[in-house]
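Take a look at the letters that make up each chain.
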Amino acid sequence: MSPRDIYGGDIYAGHARTKKKAVPELAAERGGVVEDAASGWCGAIVGIEKTHDGDFVRLEDAQGRTRLFAMRPAAFLVDGAPVTLVKPKIRPASAPTRSASGSTRVEGLRARVARGSRIWVEGVHDAALVERVWGHDLRVEGVVVEQLEGLDNLGARLAEFEPGSGRRVGVLADHLVTGSKEEHLTANLGPHVMVTGHPYIDVWQAVKPKAVGIDAWPSIPRGQDWKTGVCRELGWGTPQDGWRRVYNAVNSFRDLESHLIGAVERLVDFVTEPDEG
């Protein structure tokens, strides 16, 4: 009788040392950090792309460079241990009960006729962030947000608009601090105009650094274009590239500094409250 028969089969079958360790699967969630086992490239997951050769994950390193890697078994490392990246499961969508501003979401909303009152902001980025967070609320209230293209245009725009009862104007100003040019331009505008603002040089700074993945906004010397300087210091490419990062980082009021939140909330209240008398 052979040794194989004595033990009723292969004596090595099922031995712990001959079994391959199972490699855990990990959902390739955006923002997760992994290392490509073959090349040592380490980066954050920024997306999954389908190709003729199968699914690939795109990783972005600390310098903002990206590369594609095939999602093969045990091809990646997390804390030195091999993992197999898989597509995240699609979660069933559930209707949010709160809007991005934190207010109660109104379902089945129909477009309301726009009020005579307006909210004016300085530029396109201010308008985009206000819409991203307060867009639902403003549509519920029928409030239109318009761009000034710079606070220097405020006087002429007010003269043309002629604020009055039922035609209030709320103005959101950047860098509204004591002694600034902005403070001078927004003084003594009458009872039907309210100006609020934030102390930041640019509305980008009103987005919390943590939301965009940095420790703090860089300090840019006076006389230099602020957005260009920030993108240079952070390795973000052009100001257009930087804006995409900032905009996509904002999902709700929690991603914004309290100065901007309070300023916009006061303006919404001002332009929607009924006039006395």
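Throughout this description, residue numbers start from 1 for each chain and increase along the sequence as written. Per-residue local features are limited, in this predicted model, to residues with pLDDT of at least 70; the limit for side-chain atom pairs, both in listing and counting, is 80 or more; totals at the level of whole chains, interfaces and linings are taken over all residues. Side-chain numbers here rest on the full set of heavy atoms in the structure, without hydrogens or water.

Side note on the overall build of the chain
Next up, step 1: Runs of H or I in DSSP of at least four residues are treated as helices and runs of E of at least two as strands, each being numbered from the N terminus. For the chain, the helix and strand inventory stands at 7 helices and 11 strands.
Next up, step 2: For the chain, with 277 residues in total, the buried portion stands at 36%.
Next up, step 3: Within the chain, contacts between residues separated by at least 24 positions form 60% of all contacts whose residues are at least 6 apart in sequence.
Next up, step 4: Only the protein chains shown count as covering a residue, and every accessible area follows the Shrake-Rupley method with a 1.4 Å probe. Of the roughly 17000 Å² of accessible surface on the chain, a fraction of 50% belongs to carbon and sulfur atoms. Burial classification: accessible surface area is computed with a 1.4 Å probe over protein chains only, and a residue below 20% of its type maximum counts as buried, one above 50% as exposed, and the rest as partly exposed. Working rule for contacts: check all heavy atoms of both residues, and any pair within 4.5 Å makes them a contact.

Some details on the nonpolar core
Where a protein is soluble and globular, its nonpolar side chains tend to be buried together.
Next up, step 1: By size, the foremost hydrophobic cluster in this structure holds 36 residues, and its most contacted members are W204 and W217.
Next up, step 2: Put simply, the parts of the chain that give this core at least two residues each are strand 8 (118–121), helix 2 (124–141), helix 5 (226–234), helix 6 (239–249) and helix 7 (258–272).
Next up, step 3: Counting residues in each nonpolar core, the second largest holds 12 residues, with A28, V34, V57 and L85 among its members. The term nonpolar core refers to a set of buried residues drawn from Ala, Val, Leu, Ile, Met, Phe, Trp, Tyr and Cys, joined through side-chain atoms within 4.5 Å.

Focus: unusual backbone geometry
Next up, step 1: A positive phi angle, near 60°, is found at A74, a position not held by glycine.
Next up, step 2: Here N188, not a glycine, exhibits a phi torsion of approximately 55°, which is positive.
Next up, step 3: On the basis of relative accessible area, N188 is assigned to the exposed category, the value being 82%.

A look at the pairing of strand 3 (residues 42–51)
Next up, step 1: Relative to strand 3, strand 2 (residues 33–36) runs antiparallel, the two being bridged by 3 bridges. What sits directly across from E35, in strand 3, is C42.
Next up, step 2: For two strands to pair, DSSP has to find at least two bridges joining them. Hairpin connection between strand 2 and strand 3: a loop of 5 residues separates the two successive antiparallel strands, and G40 in this loop has a positive phi of roughly 85°.
Next up, step 3: The pairing of strand 3 with strand 4 (residues 54–60) spans 7 bridges and is antiparallel. The residue of strand 4 that forms the bridge with T51 is G54.
Next up, step 4: Here strand 3 folds back onto strand 4 in antiparallel fashion, the turn holding 2 residues.

Details of the side chain of H125
Next up, step 1: Tracing the sequence through the fold places H125 in helix 2.
Next up, step 2: On the accessibility criterion, H125 (17% relative accessible area) is buried.
Next up, step 3: If we skip the residues at most four places from it in the chain, H125 touches V203, W204, K227 and W243.

Focus on the packing of helix 2 against helix 6
Next up, step 1: Comment: axis = line fitted to C-alpha atoms, over the contacting stretch for helices; angle = value between 0 and 180 degrees taken between N-to-C directions. Taken N-terminus to C-terminus, the directions of helix 2 and helix 6 make an angle of 20°; their axes are 10 Å apart at the nearest point. The pairing of helix 2 with helix 6 is recorded here as roughly parallel in orientation. At the point where helix 2 passes helix 6, the crossing takes the right-handed sense. Side by side, helix 2 and helix 6 meet where H125, A128, L129 and R132 of the first sit next to W243, Y247 and N248 of the second.
Next up, step 2: By residue class, the composition of the contact of helix 2 with helix 6 is 4 nonpolar, 2 polar and 1 charged. Roughly parallel means an angle under 35 degrees; roughly antiparallel, over 145; roughly perpendicular, 65 to 115; everything else is oblique. In this scheme the crossing of two helices becomes right-handed for a clockwise turn of the near helix relative to the far one and left-handed for an anticlockwise turn of less than a right angle. Here the term charged refers only to Asp, Glu, Lys and Arg, the term nonpolar to Ala, Val, Leu, Ile, Met, Phe, Trp, Tyr, Cys and Pro, and the term polar to all other amino acids, Gly among them.

Things to note about the packing of helix 2 against helix 7
Next up, step 1: Packing of helix 2 against helix 7 brings their axes to within 12 Å, and their N-to-C directions diverge by 15°. As the angle between them shows, helix 2 and helix 7 are arranged roughly parallel. Viewed along their axes, helix 2 and helix 7 form a crossing whose handedness is right-handed. Two secondary-structure elements touch here, helix 2 through V130, W134, L138 and E141 and helix 7 through L260, I261, V264, E265, V268 and T272.
Next up, step 2: The residue makeup of the contact of helix 2 with helix 7, split by class, is 7 nonpolar, 1 polar and 2 charged.

Structural notes on the pairing of strand 10 (residues 169–173)
Next up, step 1: Burial analysis of strand 10 places 5 of its 5 residues in the buried class, the great majority of the element.
Next up, step 2: Where burial is concerned, the two faces of strand 10 agree: the one with V169, V171 and A173 and the one with G170 and L172 are both buried.
Next up, step 3: Bridge count between strand 8 and strand 10: 4 bridges; the pairing is parallel. Its bridge partner lying in strand 10, I119 is registered against G170.
Next up, step 4: Here strand 10 pairs with strand 11 (residues 193–197) via 5 bridges, running parallel. Bridge pairing in strand 11 places L172 opposite T196.

Quick look at the confidence of the model for the chain
Next up, step 1: Of the residues in the chain, 85% have a pLDDT of 70 or more, and the chain-wide mean is 86.
Next up, step 2: Per-element confidence in the chain ranges from a low mean pLDDT of 50 for helix 1 (residues 3–6) to a high of 96 for helix 5. pLDDT is a per-residue confidence score from the predictor, ranging from 0 to 100.

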